[in-house]
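Notes for the structure review
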Amino acid sequence: MTDLQMSLIGIAGVFVAGVFTYNKIQEYKAKKSVERAFSTDHDDVLMRTGDAPASSSSSSTTRHEPSFSLDVDPPGVAGGEAAAAAAALGAVAAGFSSASDDPSAAAALAARANAASAAAAEQATALVDPLIDCLLPLALESAARGDKLLPVLQTLRMVGNKPVHYIGLAVSGDWEPIVHGGVYTKLQGGVQLASRSTALNELEYSELVTRLRAMADEIGAEPEIPDMIEVMAEARNLHRFVAGHDAQLGVNLQSNGAPWAISTLLGALEKQGFDVRPDGRYVMPDGEGGFLFSLSTNVTLAEETTSRLTLLLDVPCVAPSRDGFGAMVACAKSLVGRLDATIVDDYNQPLSDAALSEIAGQVQDFYAEMSDADIPAGSTRALRLFS
């Protein structure tokens with residue numbers, strides 16, 4: 001071994017020894033620093049047992065843990081007030097006791113609870129309907145309040161012209177519409193598969209999935225995304241049904257003489273019971289906020305006269321029990337006398353009673369088809385599809 005190699009080995013040994021010594025010195029300093037910081041001179045409030053900390057202002061800083069116990073004398077109520085409060089509580093307790101002891105009262109309470117639960121379930125099904133919606137389960141990381149959920153859910157309410165609705169599994173165990181004050185453990189979304197105009201398409205579904213994932217991240221939920229191919233097939237099938245049952249029946253009134261003045265016509269229509277809607281349509285109210293059929297003057301608002309009126313029934317949107325077609329024909333016959341008119345078809349040929357009766361039978365067959373498909377005319381489901 002040469003002198004140079006021996007020198008290098010010696011220098012390396014000195015360097016290693018120096019580093020080792022420096023580390024030991026730093027370790028000793030750190031140890032002393034930690035001991036000073038955690039010395040017994042400092043009182044650890046988390047580990048303390050026994051006496052409470054001494055403080056001149058202990059009455060204002062003492063922490064009170066939440067409790068479900070009921071004080072005998074509630075804060076701020078003393079003497080007679082406390083006695084009155086106790087009496088009131090006793091009266092309430094007695095009332096509940098008497099109700100539970102009375103079988104008829106208990107049965108009434110149970111009936112009301114069942115009715116409320118059934119109503120909530122019906123509302124939930126109307127919003128997210130397995131027959132006409134693509135279901136979108138959303139698993140929440142933890143229970144969430146409706147107040148927190150609603151503002152976020154509002155950001156995804158439409159995809160194209162298809163509405164998106166949501167319901168929640170309440171802590172009571174019932175599915176219901178999401179409301180302020182409610183607490184929910186699961187969510188279910190639903191996008192309508194078809195409307196009167198179109199079926200849900202691939203572009204709309206892709207947009208839905210992207211927006212749904214972003215929204216789910218914001219509320220702490222994990223969405224379950226259905227297979228696109230299956231959803232598209234369901235959407236097309238449903239739209240074929242809607243297109244095949246998109247029936248509107250009309251009867252026309254043709255003037256037997258001179259055209260009617262619009263100003264004079266308005267009075268006759270009002271006497272017949274028609275309402276004028278803000279959009280200028282004339283509708284026959286059904287008594288519940290909707291309408292049975294509408295009427296058109298077949299002219300623009302700028303025209304002063306018309307010689308033809310058309311009464312129109314949107315068949316899938318009127319329940320069979322209301323007999324919309326029968327009511328429309330009766331109205332047309334009444335207007336014949338008021339306006340000196342003839343009931344005609346779209347080709348201006350008079351419609352006989354026999355022809356009208358035949359159409360009425362076809363309407364009943366139509367209603368039967370819709371009912372067999374579980375989409376009864378006039379139902380919430382039908383109104384959503386044929387809107």
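This next bit is on the pairing of strand S7 (residues 248–255). Bridge analysis of S7 against strand S13 (residues 308–314) gives seven bridges, and the strand direction is antiparallel. Across the sheet, residue leucine 249 finds its bridge partner in S13, namely leucine 313. Bridge analysis of S7 against strand S14 (residues 341–344) gives four bridges, and the strand direction is antiparallel. Residue serine 255 lies in a different strand from S14, and its bridge partner there is alanine 341.

Among the secondary structure elements, glutamine 272 is positioned in helix H8 (residues 262–272). Residue glutamine 272 is classed as buried on the basis of its relative accessible area, which comes to 17%. Polar side-chain contacts of glutamine 272 include one of 3.1 Å to the side chain of serine 334. With residues near it in sequence (within four places) discarded, glutamine 272 still touches Met284, Cys331, Ser334, Leu335 and Arg338.

Averaged over all residues, the pLDDT of the protein chain is 81; the fraction at 70 or higher stands at 70%. A low-confidence stretch, residues 33–89 stays under pLDDT 50, and its non-local contacts, those more than four residues away or across chains, total eight contacts. Low pLDDT, under 50, characterises residues 91–96; the stretch is placed with zero contacts to residues that sit more than four places away or in other chains.

Before going further, it helps to examine the packing of aromatic side chains. For the structure shown, the criterion picks out two aromatic pairs. Judged by centre distance (6.0 Å) and plane angle (75°), the rings of phenylalanine 274 and phenylalanine 293 are edge-to-face. One end of the pair, phenylalanine 274, is in the loop between H8 and strand S9 (275–276); the other, phenylalanine 293, is in strand S11 (residues 291–296), with 19 residues separating them in the sequence. On the basis of relative accessibility, which here comes to 4%, the residue phenylalanine 274 falls in the buried class.

In total, this model carries nine salt bridges according to the counting rule given. For glutamate 288, the salt bridge identified is with arginine 322, shortest N-O distance 2.9 Å. On the criterion of sequence distance, the pair formed by glutamate 288 in the loop between strand S10 (282–285) and S11 and arginine 322 in the loop between S13 and helix H9 (324–339) is long-range, its members being 34 residues apart. The exposure class of glutamate 288 is exposed, given its relative accessible area of 65%. Arginine 322 sits in the partly exposed class, given a relative accessible area of 30%. Shared partners join several salt bridges into a network, and the residues in it are Arg196, Asp246 and Asp314.

Moving on: a negative patch on the surface. On the surface, Glu141, Asp217, Glu218 and Glu222 cluster together to form a negatively charged patch. Assignment of secondary structure puts aspartate 217 in helix H6 (residues 202–219). Note on aspartate 217: relative accessible area 62%, which makes it exposed.

On to the sheet that holds S7, then. Strands belonging to one sheet form pairs held by backbone hydrogen bonds; the direction of such a pair is parallel or antiparallel. Taken in spatial order, the six strands make up an open sheet running S9-S10-S11-S13-S7-S14, and their pairing is antiparallel. Strand pairing shows two members of the sheet lacking a second neighbour, S9 and S14, which therefore form its edges. Contacting S7, S10, S11, S13 and S14, H9 crosses the sheet at an angle of about 165° to S13.

Of note in the backbone geometry, asparagine 298 takes a positive phi value of approximately 65° without being a glycine. Among the secondary structure elements, asparagine 298 is positioned in the loop between S11 and strand S12 (305–306). Unusually for a residue other than glycine, asparagine 348 sits at a positive phi of about 70°. With respect to the helices and strands, the residue asparagine 348 is situated in the loop between S14 and helix H10 (353–372).

Quick look at the pairing of S13 now. Among the seven residues of S13, six are classified as buried, and the element is accordingly described as predominantly covered. The sheet contact formed by S11 and S13 spans three bridges and is antiparallel. Directly across from leucine 295, in S13, lies its bridge partner leucine 311.

The next subject is the nonpolar core. Generally speaking, nonpolar side chains in soluble globular proteins are found buried as a group. Leu253, Phe274 and Leu311 are the most contacted members of the largest nonpolar core, which has 75 residues in total. Once you skip the residues sitting within four places of it in the chain, leucine 253 turns out to touch Trp260, Ser307, Arg308, Leu309, Leu311, Ala332, Leu335, Val336, Ala341, Thr342 and Ile343.

Before going further, it helps to examine the side chain of threonine 297. Its place among the elements puts threonine 297 in the loop between S11 and S12. Judged by relative accessible area, threonine 297 falls into the buried class, the value being 13%. If we ignore the near neighbours within four places in the chain, the residues touching threonine 297 are Leu265, Tyr282, Thr306, Arg308 and Leu309.

On to the environment of methionine 215, then. By the secondary structure assignment, methionine 215 is in helix H6. Judged by relative accessible area, which is 2%, methionine 215 ranks as buried. Along the primary structure methionine 215 and threonine 155 are separated by 60 residues, whereas in three dimensions their C-alpha atoms are 7.8 Å apart.

So, how was this worked out
Residues numbered from 1 in each chain as written. Predicted model: local features only at pLDDT ≥ 70, side-chain atom pairs only at ≥ 80, totals over all residues. Heavy atoms only, no water. Pairing = 2+ DSSP bridges. Helix = DSSP H or I, 4+ residues; strand = E, 2+ residues; numbered from the N terminus. Buried < 20%, exposed > 50% of the residue type's maximum accessible area, 1.4 Å probe, protein only. Polar contact = N/O pair within 3.5 Å; in protein donor to acceptor, adjacent residues only side chain to side chain. Contact = heavy atoms within 4.5 Å. pLDDT = per-residue confidence, 0-100. Phe/Tyr/Trp six-rings, centres within 6.5 Å; stacked < 30°, edge-to-face > 60°. Salt bridge = Lys/Arg side-chain N within 4 Å of Asp/Glu carboxyl O. Patch = residues over 30% accessible without salt bridge, like charges linked within 9 Å, V, L, I, M, F, W, Y side chains within 5 Å. Areas by Shrake-Rupley, 256 points an atom, 1.4 Å probe, with all protein chains shown as cover. Lys, Arg positive; Asp, Glu negative; His and termini not counted. Charge placed at Lys NZ, Arg CZ, Asp CG, Glu CD. Axes fitted to C-alpha atoms, helices over the stretch in contact; angles between N-to-C directions. Core = buried A, V, L, I, M, F, W, Y, C linked by side-chain atoms within 4.5 Å.

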